[in-house]
Each structure stands twice: as structure tokens, then as C-alpha cells.
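# Remarks on the overall topology
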Protein chains: 2
Amino acid sequence: MKDLAISVGLKIKAKRKEMGVSQDKLALLADIDRSYVGRIERGEVNITLEKLYEIADVLECDAKYLLP
Amino acid sequence: MKDLAISVGLKIKAKRKEMGVSQDKLALLADIDRSYVGRIERGEVNITLEKLYEIADVLECDAKYLLP
């Protein structure tokens, strides 16, 4: 399931850049540690649904949009 | 975010019943503890994306279908 984390990480990174949001700002607004945002985007961690929804909320998109 | 877990739990339960899969069988096939399946369906736990995809795989549906 590592492919899943990588796909989601790439989608989050792309959407974050599209929205002009820095990793620092995403971390702050989604209440995630800054280094953890990097790990999510690199697909190194298996996030929870709750975290996915918090990130989607900050990036103003549907959580489903961030899934492969 | 408790509403999220409850919504997802209800969707998983409905899809599981529609597919005629018992909690025991879902637990076995998705490699989850039997009691944990009950907790997921009652919205008591915040599952990971990986677990969502494993459950969707067993229930032969798109993981997005199980999201609110």
C-alpha cells in the first residue's frame, strides 16, 4: 500500500502548490507538524481519514479529490 | 471530526450488508481484528487511508464510495 501513500502525497502537494499554500502554512492550518507535512507529501506515512479531511479543508477541496 | 468516523462507519456497514459479507469475514479478509470492525462501523475509530482501501477492496467498491 506504499503506492497509495505516494499517490495521495503527490495529489496533496500538487493541490497545495496550486493554491499557493506553503508547507508551513498547511502545517499550521491543519494542525500538523511541519516535518510531517513533508513526510505526507513524500508518501512516507499512512495518514488517517481525519487528517485527510483537515488537509482538504485547508486546501479548499473535497477530500475525495486527494485520493487516487 | 467524530461525524466523519460515524458517516464512514455507516457507509461501510451498509456496503458490507449489501455485499452479504459478515463482520467476521470482513475482519478476516481485510486483516482487521473482529472487534475493530465493530468499532469502525460504530464510528468509534479514526481509520487510516490504507485501512479504508483494504476494506473497499474486500467490499469490491471504490474507496471514495465509502466517504461522505
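The shown structure was predicted, so the numbers you read here are calculated from the model rather than taken from an experiment.

Analysis parameters
Residues numbered from 1 in each chain as written. Chains lettered and ligands numbered in written order. Predicted model: local features only at pLDDT ≥ 70, side-chain atom pairs only at ≥ 80, totals over all residues. Heavy atoms only, no water. Helix = DSSP H or I, 4+ residues; strand = E, 2+ residues; numbered from the N terminus. Contact = heavy atoms within 4.5 Å. Buried area = accessible area lost by both parts, 1.4 Å probe. Salt bridge = Lys/Arg side-chain N within 4 Å of Asp/Glu carboxyl O. Polar contact = N/O pair within 3.5 Å; in protein donor to acceptor, adjacent residues only side chain to side chain. Least-squares fit on C-alpha atoms with pLDDT ≥ 70 in both. Buried < 20%, exposed > 50% of the residue type's maximum accessible area, 1.4 Å probe, protein only. Arc of directions from axis to C-beta. UniProt positions renumbered as here; feature names shortened; annotations may be inferred.

### Brief notes about the side chain of Arg16 of chain B
Assignment of secondary structure puts Arg16 of chain B in helix H1 (residues 2-18). Excluding residues that lie within four positions of it along the chain, Arg16 of chain B makes contacts with Val21, Ser22, Gln23, Leu26, Glu41 and Leu59 of chain B.

### Structural notes on the interface of chain B and chain A
In many reports, interface size means the accessible area that the parts give up when they come together. Taken residue by residue, the interface counts 14 residues in chain B and 14 residues in chain A. For the pair chain B and chain A, the summed buried area comes to about 1600 Å², and 71% of that belongs to carbon and sulfur atoms. Our count for the chain B to chain A interface comes out at zero salt bridges. Run the count over chain B and chain A and you get eight residue pairs in polar contact (both at pLDDT 80 or more). Among the secondary structure elements, those contributing two or more residues to the side of chain B that touches chain A are H1 and helix H4 (49-58) of chain B. By residue number, the principal contributor to the side of chain B that touches chain A is H4 of chain B, which donates five residues.

### A look at the relation of the copies chain B and chain A
Mapping chain B onto chain A calls for a screw motion: a turn of 180 degrees about the axis and a shift of 0.0 Å along it, with 0.0 Å RMSD after fitting. These values place the two chain copies in the arrangement generated by a two-fold rotation axis. For chain B, the residue whose C-alpha comes nearest the rotation axis is Thr48 of chain B, separated from it by 1.9 Å. The overlap is high: 100% of the interface residues of chain B also sit at the interface in chain A, so the same surface is used on both sides.

### Some words on the environment of Glu50 of chain A
Of note, Glu50 of chain A is situated in helix H4 (residues 49-58). Counting along the chain gives 13 residues from Glu50 of chain A to Ala63 of chain A, while the straight-line C-alpha distance between them is 9.8 Å.

### Points about helix H3 (residues 34-41) of chain B
Residue and element names in this part refer to chain B. Along H3, the residues that are buried comprise Val37, Gly38, Ile40 and Glu41. End-on, the buried residues of H3 take up no more than an arc of 160 degrees, which puts them together on one face. The inward-facing, buried residues of H3 abut H1, helix H2 (23-29) and H4. Once H3 ends, the next one or two residues include Gly43, with phi positive near 75 degrees.

### Some details on the UniProt feature "domain: HTH cro/C1-type" (unreviewed entry) in chain A
Within the UniProt annotation, "domain: HTH cro/C1-type" (unreviewed entry) is assigned to residues 12-66 of chain A. Across residues 12-66 of chain A one finds 58% helix and 0% strand; the C-alpha atoms that close the span lie 6 Å apart.

### Comments concerning the environment of Glu60 of chain B
Structurally, Glu60 of chain B can be placed in the segment after H4. For the pair Glu60 of chain B and Val21 of chain B, spaced 39 residues apart in sequence, the C-alpha to C-alpha distance is 11 Å.

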